[in-house]
Amino acid sequence: MPRHRGFTYLMVLLWVAISGVMLMALSRAWLLESRRERDTELIYRGEQIREALSAYAAVPVSTGRSRAPERLEDLLEDRRSGQVVRHLRRVWRDPITNSPSWGLVKDENGGIVGVFSTSPKVPLLGPPGTRSYKEWRFEAGAGAEPAASADAASVPSAMAAAPNGQAASP
């Protein structure tokens, strides 16, 4: 029996080492999946806001009124035409920064024509050539291009990007 002393201790140390390596690999996979989910949520929210901005601009209004909202909250309840029109159900938080404020793309009159995340990080699912979330824009009226591959076709239409990194129209 004295020859077997320490065998259990070595097996426990080996088990702890293997478990640590496996947990480290699992955490990396979890972080990658978490980033992918946030990118997918950015696509959904950005497309919803982009479509709401396009719908807001399409509402016939009297001359002299802006065709682009001054605030994102204006998309929730539009009374410019005399009837209440709800272009957006709610103004979502930026899923990348978890901030209530978005980066805003404005026209020459100060109206909002697009949004983007203010994060300087590199997106996983961004349009080709996008170096940061700040370059990935969801603008009303952005031109569409066909998706680059079959994988890109499975992601919503923001993946078909305009040459300048803007999100594409569906």
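Residues numbered from 1 in each chain as written. Predicted model: local features only at pLDDT ≥ 70, side-chain atom pairs only at ≥ 80, totals over all residues. Heavy atoms only, no water.

S.K.: Looking at this structure, I do not really get a nonpolar patch on the surface. What am I missing?
M.R.: A cluster of nonpolar side chains, contributed by Phe7, Met11, Leu14, Ile18 and Met22, occupies part of the molecular surface with about 530 Å² of accessible area. Positionally, phenylalanine 7 belongs in helix H1 (residues 7-58). (Patch = residues over 30% accessible without salt bridge, like charges linked within 9 Å, V, L, I, M, F, W, Y side chains within 5 Å. Areas by Shrake-Rupley, 256 points an atom, 1.4 Å probe, with all protein chains shown as cover. Salt bridge = Lys/Arg side-chain N within 4 Å of Asp/Glu carboxyl O. Helix = DSSP H or I, 4+ residues; strand = E, 2+ residues; numbered from the N terminus.)

S.K.: Help me out: how do you make sense of the side chain of serine 132 in this one?
M.R.: Turning to its location among the elements, serine 132 is positioned in the loop between strand E2 (112-116) and strand E3 (137-139). Serine 132 sits in the buried class, given a relative accessible area of 11%. Once residues lying within four places of it in the same chain are set aside, the contact partners of serine 132 are Ser119, Pro120, Lys121, Val122 and Pro123. (Buried < 20%, exposed > 50% of the residue type's maximum accessible area, 1.4 Å probe, protein only. Contact = heavy atoms within 4.5 Å.)

S.K.: What is the right way to look at the pattern of salt bridges in this model?
M.R.: Where charged atoms from two side chains of opposite charge approach closely, those side chains can pair. What the rule picks out here adds up to 10 salt bridges. One salt bridge connects arginine 131 with glutamate 135, and the closest N-O pair in it is separated by 3.0 Å. Taking relative accessible area as the criterion, arginine 131 reaches 60% and is therefore assigned exposed.

S.K.: Quick question: what am I supposed to make of the pairing of strand E1 (residues 103-106) here?
M.R.: Here is the key point about a regular strand: its side chains alternate between the two faces of the sheet. A one-sided burial pattern is seen for E1, the buried positions being Gly103 and Val105 and the unburied ones Leu104 and Lys106. Here E1 pairs with E2 via four bridges, running antiparallel. Residue lysine 106 lies in a different strand from E2, and its bridge partner there is isoleucine 112. Between E1 and E2, which pair antiparallel one after the other, the connecting turn spans five residues, and glycine 110 there sits at a positive phi close to 90°. (Pairing = 2+ DSSP bridges.)

S.K.: I tried to follow the side chain of aspartate 78 on my own but got confused; where do I start?
M.R.: Position of aspartate 78 relative to the elements: it lies in the loop between H1 and E1. Take aspartate 78: its relative accessible area is 2%, and that puts it in the buried class. A polar side-chain atom of aspartate 78 sits 2.9 Å from a polar atom in the side chain of arginine 80. In this structure, aspartate 78 is in contact with Tyr56, Val59, Gln83, Val84, Val85 and His87, ignoring residues within four places of it in sequence. (Polar contact = N/O pair within 3.5 Å; in protein donor to acceptor, adjacent residues only side chain to side chain.)

S.K.: Which parts of the structure should I look at to understand the confidence of the model for the protein chain?
M.R.: Keep in mind that low pLDDT regions are not for reading the predicted coordinates in detail. Confidence in the prediction for the protein chain averages 80 pLDDT; 78% of positions are at 70 or higher. For residues 143-170, every residue scores under 50 in pLDDT, and the model assigns this stretch 59 contacts once sequence neighbours within four places are set aside. (pLDDT = per-residue confidence, 0-100.)

S.K.: Could you clarify how one ought to interpret the packing of aromatic side chains in this entry?
M.R.: How two aromatic rings sit relative to each other is given by the distance of their centres and the angle of their planes. A complete count under the given rule lists three aromatic pairs for this structure. Where tyrosine 44 meets tryptophan 92, the ring centres are 5.9 Å apart and the plane angle is 65°; that geometry is what we call edge-to-face. One end of the pair, tyrosine 44, is in helix H1; the other, tryptophan 92, is in the loop between H1 and E1, with 48 residues separating them in the sequence. Between tyrosine 133 and tryptophan 136, the ring centres sit 6.3 Å apart and the planes meet at 15°, which makes this aromatic pair stacked. Just as tyrosine 133 is buried, tryptophan 136 falls in that class too. The ring of tyrosine 56 is capped by arginine 80, whose NZ or CZ atom sits 3.6 Å from the centre of that ring. (Phe/Tyr/Trp six-rings, centres within 6.5 Å; stacked < 30°, edge-to-face > 60°. Lys NZ or Arg CZ within 6 Å of the ring centre and 35° of its normal.)

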